[in-house]
Amino acid sequence: MNTGTNTAKDLNHEMYVEAHTAACGCEPIDQTYSLGYVKGHEDWSPFPRVNRLRQTFLDRPFNIDIERFRNVTESYREHEGEPAVLRCAYAFESILKNATLYIYDDDLILGEIAAPAKASPQYPEFSVNWMLHEALYEPFEEREHDQFYFASEEDRQEFIELCGYWKGRAVDDYVNARLDDEMTKGSQTGRKIFQTNLYHYGGVGHLVMNYEKILRIGYDGMIAEAKAGLDRITKKDPDYVEKRDFYRAVIICHEAAKMYIERYARLAGEKAFEAKDPARKQELLQMAANCHQLAGGPAESFWQALQLFNFATTMTQIESNGHSISYGRMDQWLYPYYEADIRKGVISKEYAQELLEVTFVKMNNPTKIRDGGTARVRQGRGFGGECLTIGGVDRNGRDATNDLTMMMLDASVHTRMMCPWLLVRMHEDTPYELKVKTVECIRAGYGHPKIFNDAPTIKAQMRKGQTLEEARDYAVVGCVEPNLPYREYGWHDASYINTVKFMEMVLNGGRCLDCGPHCPRWDKCGALGDHLGPDTGSLETYENMDQVLESVDRQFDYWCDQMCATMNIVDRAHRERKPLPYLSAFFEGCLEDGVDVTAGGTRYNGIGPQASGLATCADSLAAIKQLVFDEKKYTGAELLQALKDNWKGHEKLYALINSPKVHHYGNDDDYADEFFRFMFECYCRHLTGRKTIRGGEFTPGVYSVSANVGMGLNTNASLDGRKAGEAISDNMGPVHTDAGSHDIQGPIGIAHSIAKVDHSLATNGTLLNLKFPQEAVKGIEGRDNLISYIDEYLAGGPMHVQFNIMSSATMKAAQKHPEDYKDMLVRVAGYSAYFVELGKALQKDLIQRTDLEF
Amino acid sequence: MTAEGTVFNIQHFTIHDGPGIRTEVFLKGCPLHCLWCSNPESLKAEVQPGVYRKKCIGRKNCGACEEACPRTDAGAGGGLAKAGRTASPLRFYRNRLVAIDYTLCNGCMACAEACPSEAVKAWGRRMTADQIMQEVRRDKGYYDRSGGGITVSGGEPLLQTELTAELFRQCREEGIHTCCETCLCIPWERVEELLPLTDLWIADLKMMDPEKHRAFTGAGNERILENLQKLAGNPETELILRIPVIPGVNDNMENMRQTADFILGEMQGNVRTLQLLSYMRLGMEKYESLGLPYQMTDRLKEAHFRRDYFQRKVRNFADYFNSRGIHTLVGTREKQ
């Protein structure tokens, strides 16, 4: 078929027919924004208002605001002894009644989280133990990162006093009273094999509200539904009282929401009266009118839709500090409002774009202070996880791209902020134009958007019992967790699992490698001849690889038992102590059945913990198989000793294990990739099928975000050539030790390796970060190559990918920490080397040249 | 029977030598020895060990290379070693391996195989066409999507014509685009053999002056020019021509003018793209590993080399070629 004059490119066009779309934003489809990070650039947006809002946001400090703390405490005191769901509703009402309202200059969208922009309120309902401890002994302002500041010394004093009321009444107190030693020894309070911090000390979040519904029927509609529910239930129902209280609570919350929006309407009106600038006066009047309409009524325009979206979302964040309140498929649910306004000529496409960008900046305002332990593994002071999903297929499997898909990508690259966490769903028929725009954003190098693959994700959703039509409607919440909007309360991100710590138990007869009297648990564990985990054998005794793998399996079973039992207690604590009546109205099933979302009121009710360090374990197993059982160069006892010695005195073994002479995951090498698959499947198998108390099932995820660094700190040496304290492997990624990266075959090698597991088994999501040099994505050819790479990567079946596009600044960083950049390609014609392999002088030359060429 | 040859690298995801995403196979051995060569490990046809002294973890900790080297104790045993007169080709300094004495080394590569830390690197390995194809084939999906394929480079791929031809034949059968990057300093018959199998040629025209060419690359350019003319004479040929622009060597207007004349005259303008590659100070650590001197350093001093001026100069050359109607770009791209 090849005639010699035909280039492969021609053939290519016959093989892959590209889909196309007429959808278009304000910018050309193939607009190039920038290549990599550009320092000090402040006006990416064509709208000066957006640039000003962005800058104002960046310049504002992170504060602690105690208004919510005060209001909620007062309300709880007043309603002592009443049912929990009603106390929650009264507190919510009290907050909305008393919160100070803010309207910022230039803003077009109103509503904060009952605190000034970028100030964190407190949520004592979940836990005050850490708040009190840190306020007294580890001040928030003295943290190494994620600092927060009290406005005054009076505030700090009041904060400490308010904590007093909550002792014993919070969610975490409920949990703590029920944990047994087997559970605590493995959790964050023990040896940190699994960490359930997030929902133990805070709200759950990780959901998508029913925006379609609130935009369509408004708060009046919600209240009407709750009232109808109240009329429907009878005293013949054994749960009559619970349902009655639930409906009453919903009504209180949504009446309060109306009152709150009306307060904004009045304030906007007052501001308009004072405004000197006629244009601003007009805007404020329109905002006041929007609020009047939305205090009960549905959204009647694009602007109102965005406004109501923001009110609905921020009130969920006022009710609870659960993060990753994600926006669902925003290009889909928002589209009817855009389409109608454009058709009627109410707004121009440009004004729609400006409103979108204002909203994007606004999304950054909510801020959440986390406990110090969580902050250490999960850095960043934003509320977090506001994933916004665009693209993908519709419920019938057809491509869903529309103008807003393109406009949201433009808005993202024009604002370049932490939020929203933009995500593009891709599938076989994703139009070429959308791929081009997505890749243009990616190579702008600001970290958004990430890409999700429809095929494996839809399969994963169906594994959770969803129909094909439901599965196709997935959106992503938080980092990479697939979720069915407003029908799935998935408790994603529920617990971090350190599988490398499991591996310690596997290698060392159920004990930590550093087991000894220095351990705080020694008195009830090692000193009694006991073990932290079950004794499932040790490297000194295993006779073959099957025994090792069997041992891994048994450790997983034991620790998953402990973790799931713990999570079920945490789940019950939220149901008992902190129902969410405001939120529940936004979930399908809750208003129909009169059941709160925390009690399993909606359709899908999973809990999704996530594993870290799988590659570290895989490379460890590959080393054992190769060195002990295949080549018989070392005995198991020798390997174990090397770990106990933290590699000291075992330099040769250390070098060997970190060299390509030993099989490593991530290089399209079946020997090691098989062990990654084993670890992945073993973990998924042990979680899948376990029941949650809300009638759902546990859902495994494989991602660590940045928690692998913090986990590594508590983990002894491992057989992948990692020293004690170094980070364990991240997400689905290969191992990087201080001695160097273990994947040396470049981006295609890792793509092949990662495609060897069935990603749909990880129903709580998988994550892969890839680094690309700017050089590789330069010019039209670079753009097209990246598109081709993504297409083929996704065709292999992984669920997710995101890129780091590097600049010369990155190269300089690579000079300082070469071990982290080993796979960074620098390719000049005919030259075959990786950047870090080069000498200092030519690295410098390359950096200079790179700077000159852009 | 499948053809066999010496390969010094197989690089996946290359995007600079030919269109799309490619796998590049680097073959060892080259008829030229250009002063600025960035792949000095490619010059010699045989497999050879190289030393990365910084990676050595020390004789006391390890000693694997000494144990493995068949020459270490040749005849002499420990006595000579203690006297510092061992027949071993391995040279140590302060406990670390720093060099290999190639006059004593028999090239068996036992040291490279034994070294746990990659301090001794094997430059090159013998591979069959089938083995290479196994690696190339894996990435076919990427070639198909991007319009990429295989590029055989080096060294000089036409010194191992049999292997290159076999690879291209197999690629053709499997629908993989083929690209040959050659210096063309080889008999025409070898080019001719590859002609029907090659979708794209990448060749250098380093400089027009034959004497200078001889001085800087070790061979005259007569045969290269002749081969270029013949190659361009074939109407089916897809050819990317490259000029590595080297400070103080060929970075003068006269050379560029003559080159343009040659392209438009003798080659009838049959060049898909002319690419100007700015000199890069690359490969120094490889020179070091082989114990070879890097001779460009002096040349750069003489030429008062400054990257920013130089880069501008190269762009001006590109403008000149474009003004003469030759599609020219700086770098390895074909589109602006």
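Residues numbered from 1 in each chain as written. Chains lettered and ligands numbered in written order. Predicted model: local features only at pLDDT ≥ 70, side-chain atom pairs only at ≥ 80, totals over all residues.

A closer look at the overall build of chain A
What counts, and what does not: Going along the chain from the N terminus, every DSSP run of H or I of four or more residues is numbered as a helix, and every run of E of two or more is numbered as a strand. Taken over C-alpha atoms, the radius of gyration is set against a globule rule of 2.2 Å times the number of residues to the power 0.38. Three exposure classes are used, based on other C-beta atoms lying within 10 Å of a residue's own C-beta, which is placed from the backbone: buried for 20 or more, exposed for 12 or fewer, and partly exposed in between.
If you tally the helices and strands in chain A, you get 34 helices and 21 strands. Its C-alpha atoms give chain A a radius of gyration of 27 Å, within 12% of the compact-globule value 29 Å for 854 residues. Expressed as lengths along the three principal axes of its C-alpha atoms, the size of chain A is roughly 80 × 75 × 55 Å. Here chain A holds 854 residues, and the buried ones make up 59% of them.

Focus on the overall build of chain B
Worth spelling out the cut-off: Residue pairs are scored as contacts if the distance between their C-beta atoms, which are placed from the backbone, is within 7 Å.
For chain B, the count of helices and strands is 13 helices and 13 strands. For 336 residues, the compact-globule formula gives about 20 Å, and the C-alpha radius of gyration of chain B, at 22 Å, lands near that figure. For the C-alpha atoms alone, the extent of chain B along its principal axes is close to 70 × 50 × 35 Å. Residue burial in chain B is summarised as follows: out of 336 residues, 49% are buried. In chain B, 74% of the contacts between residues at least 6 apart in sequence involve partners at least 24 apart.

Side note on unusual backbone geometry
Omega for the bond connecting Cys 419 of chain A with Pro 420 of chain A falls within 30 degrees of zero, at -10 degrees, which places this linkage in the cis form. Residue placement: Pro 420 of chain A occurs in the loop between helix 18 (403–415) and strand 9 (421–426). The peptide bond linking Gly 154 of chain B to Gly 155 of chain B adopts the cis configuration, its omega dihedral lying at 10 degrees. Positionally, Gly 155 of chain B belongs in the loop between strand 8 (149–154) and helix 6 (161–173). One non-glycine residue with positive phi stands out, namely Arg 94 of chain B, at about 45 degrees. Tracing the backbone shows Arg 94 of chain B in the loop between strand 4 (90–93) and strand 5 (96–100).

Some words on the domain arrangement of chain A
Residue and element names in this part refer to chain A. Cut-off, in case you're wondering: Segmentation into domains, and thus their bounds, comes from an automatic or database assignment. Each residue receives one of three labels: charged for Asp, Glu, Lys and Arg, nonpolar for Ala, Val, Leu, Ile, Met, Phe, Trp, Tyr, Cys and Pro, and polar for the others, Gly being one of them.
According to the domain assignment, chain A consists of domain 1 (1–59 + 345–488 + 768–806), domain 2 (61–171 + 206–319), domain 3 (178–203 + 493–698 + 711–732 + 754–767) and domain 4 (810–854). Inter-centroid distance (C-alpha atoms) of domain 1 to domain 2 is 30 Å. Residue assignment for the side of domain 1 that touches domain 2 shows that the elements contributing at least two residues are helix 2 (48–59), helix 16 (349–362), helix 17 (372–377), strand 11 (475–477) and strand 12 (481–483). Looking at the side of domain 1 that touches domain 2 element by element, the count peaks at 5 residues for helix 16. Residue composition of the side of domain 1 that touches domain 2, grouped by class: 15 nonpolar, 8 polar and 7 charged.

Details of the domain arrangement of chain B
All names here are of chain B. As assigned here, chain B comprises domain 1 (4–46 + 125–330) and domain 2 (48–123). A separation of 35 Å is found between the C-alpha centroids of domain 1 and domain 2. Opposite the 8 residues of domain 1 that make contact, domain 2 presents 9 residues. A per-class count over the side of domain 1 that touches domain 2 returns 2 nonpolar, 2 polar and 4 charged.

Some remarks on the environment of Glu 354 of chain A
Examined against the element boundaries, Glu 354 of chain A turns out to sit in helix 16. Apart from the residues lying within four places of it in its own chain, the contact partners of Glu 354 of chain A are Phe 47, Arg 49 and Val 50 of chain A.

Things to note about the confidence of the model for chain B
Threshold: The pLDDT value expresses, per residue, how confident the predictor is, ranging between 0 and 100.
For chain B, per-residue confidence averages 92 on the pLDDT scale, and residues scoring 70 or more make up 95% of the total. Scored by ipTM, the complex comes to 0.93, with pTM at 0.93.

Describing the sheet that holds strand 4 (residues 194–195) of chain A
Residue and element names in this part refer to chain A. How we decide: Here, any two strands with at least 2 DSSP bridges between them count as paired. In this description, a line fitted to the C-alpha atoms serves as the axis of each element, helices being fitted only across the stretch in contact, and the angle between N-to-C directions of two axes falls anywhere from 0 to 180 degrees.
If you walk across this open sheet you meet the 4 strands as 4-13-14-15, and the pairing is mixed. The sheet is open, and its two edges are formed by strand 4 and strand 15 (701–702), each paired on a single side. In terms of strand pairing, strand 4 meets strand 13 (residues 492–498) through 2 bridges, oriented antiparallel. Looking at strand 13, one finds that Gln 195 is bridged to Tyr 496. Sheet contacts for helix 22 (residues 499–507): strand 13 and strand 14 (608–612); angle to strand 13, the most-contacted strand, approximately 35 degrees.

Some details on the environment of Lys 313 of chain B
With respect to the element layout, Lys 313 of chain B can be found in helix 13 (residues 307–323). Counting along the chain gives 274 residues from Lys 313 of chain B to Asn 39 of chain B, while the straight-line C-alpha distance between them is 25 Å.

A closer look at the nonpolar core
Applicable threshold: Each nonpolar core comprises buried Ala, Val, Leu, Ile, Met, Phe, Trp, Tyr and Cys residues, the members being joined through C-beta atoms within 7 Å.
Ranked by internal contacts, the top residues of the largest apolar core, which has 323 residues, are Met 408, Ala 618 and Phe 676 of chain A together with Leu 167 of chain B. Here the element with the most residues in this core is helix 11 (residues 240–274) of chain A; it accounts for 13 residues.

A short note on the packing of helix 10 (residues 211–232) of chain A against helix 11 of chain A
Residues and elements named next belong to chain A. The criterion, for reference: Should an angle fall under 35 degrees it is taken as roughly parallel, and over 145 as roughly antiparallel, whereas 65 to 115 is taken as roughly perpendicular and any remaining angle as oblique. Handedness of each helix crossing follows the sense of rotation of the near helix against the far helix: counterclockwise by less than a right angle gives left-handed, clockwise gives right-handed.
At a closest axis distance of 9 Å, the pairing of helix 10 and helix 11 adopts a crossing angle of 165 degrees. By the criterion of interaxial angle, the relationship of helix 10 to helix 11 is roughly antiparallel. Taken as a pair, helix 10 and helix 11 cross one another with a handedness that is left-handed. Across the interface between the two elements, Tyr 219, Met 222, Ile 223, Ala 226, Lys 227, Gly 229 and Leu 230 of helix 10 pack against Arg 244, Tyr 247, Val 250, Ile 251, His 254, Glu 255, Ala 257 and Lys 258 of helix 11.

A closer look at helix 10 (residues 253–264) of chain B
Residues and elements named next belong to chain B. Under the convention used in this document: Every helix has an expected span of 1.5 Å times one less than the residues it contains. Working definition: the arc comes from the directions between the helix axis and the C-beta atoms, pointing outward to the latter.
Taking 1.5 Å per residue as the helical rise, helix 10 with its 12 residues ought to reach 16 Å, and the 16 Å between its terminal C-alpha atoms agrees with that figure. Within the span of helix 10, buried status applies to Asn 255, Met 256, Thr 259, Ala 260 and Ile 263. Seen along its axis, helix 10 keeps its buried residues to an arc of 135 degrees; they face one direction. Considering only its buried residues, helix 10 is in contact with strand 11 (239–245) and helix 13.

Looking at the sheet that holds strand 2 (residues 22–27) of chain B
All names here are of chain B. If you walk across this open sheet you meet the 9 strands as 7-1-2-8-9-10-11-12-13, and the pairing is mixed. Among the strands making up the open sheet, the edge pair consists of strand 7 (125–128) and strand 13 (328–330). For this sheet, the mean inter-axis angle between neighbouring strands, taken without regard to orientation, is 30 degrees. Sheet strands in contact with helix 4 (residues 129–137) are strand 1 (4–14), strand 2, strand 7 and strand 8, and its direction is about 85 degrees off that of strand 7.

Points about the environment of Gly 746 of chain A
All names here are of chain A. Considering the arrangement of structural elements, one finds Gly 746 in helix 31 (residues 746–754). Among the residues examined, Gly 746 registers 20 C-beta atoms within 10 Å and is labelled buried. Sequence separation of Gly 746 and Lys 771 is 25 residues, and the distance between their C-alpha atoms is 9.6 Å.

Considerations on the confidence of the model for chain A
Residue and element names in this part refer to chain A. In this model, chain A carries a mean pLDDT of 91, and residues with pLDDT of at least 70 account for 93%. Per-residue pLDDT stays below 50 along residues 1–13; that stretch engages in 24 contacts with residues further than four places along the chain or on separate chains. With pLDDT under 50 throughout, residues 849–854 is counted as low confidence; its partners more than four residues away or in other chains account for 9 contacts.

Focus on the packing of helix 18 of chain A against helix 19 (residues 432–443) of chain A
To describe two helices that pack against each other, one gives the angle between their axes and the distance between the axes. Residue and element names in this part refer to chain A. Look at helix 18 against helix 19: their axes get within 10 Å of each other, and the N-to-C directions meet at 10 degrees. Here helix 18 lies roughly parallel to helix 19, going by the angle between them. On the side of helix 18, the interface is formed by Thr 405, Met 406, Leu 409, Ser 412 and Val 413, while helix 19 contributes Leu 434, Lys 437, Thr 438 and Cys 441. Of the residues contributing to the contact of helix 18 with helix 19, the split by class is 5 nonpolar, 3 polar and 1 charged.

Side note on the pairing of strand 12 (residues 273–278) of chain B
For a regular strand, side chains alternate in direction, first toward one face of the sheet and then toward the other. Residue and element names in this part refer to chain B. Put simply, the rule is: Seen with its strands pointing away from the viewer, a crossover is right-handed if its path from the first strand over the helix to the second goes clockwise.
Taking burial as the measure, the 6 residues of strand 12 include 5 buried ones, the bulk of the element. As defined by bridge partners, strand 11 adjoins strand 12 across 6 bridges and the pair is classed as parallel. What sits directly across from Ile 240, in strand 12, is Thr 273. Note that the unit made of strand 11, helix 10 and strand 12 has a crossover that is right-handed. As paired elements, strand 12 and strand 13 share 3 bridges and run parallel to each other. Bridge pairing links Leu 274 to Thr 328 in strand 13.

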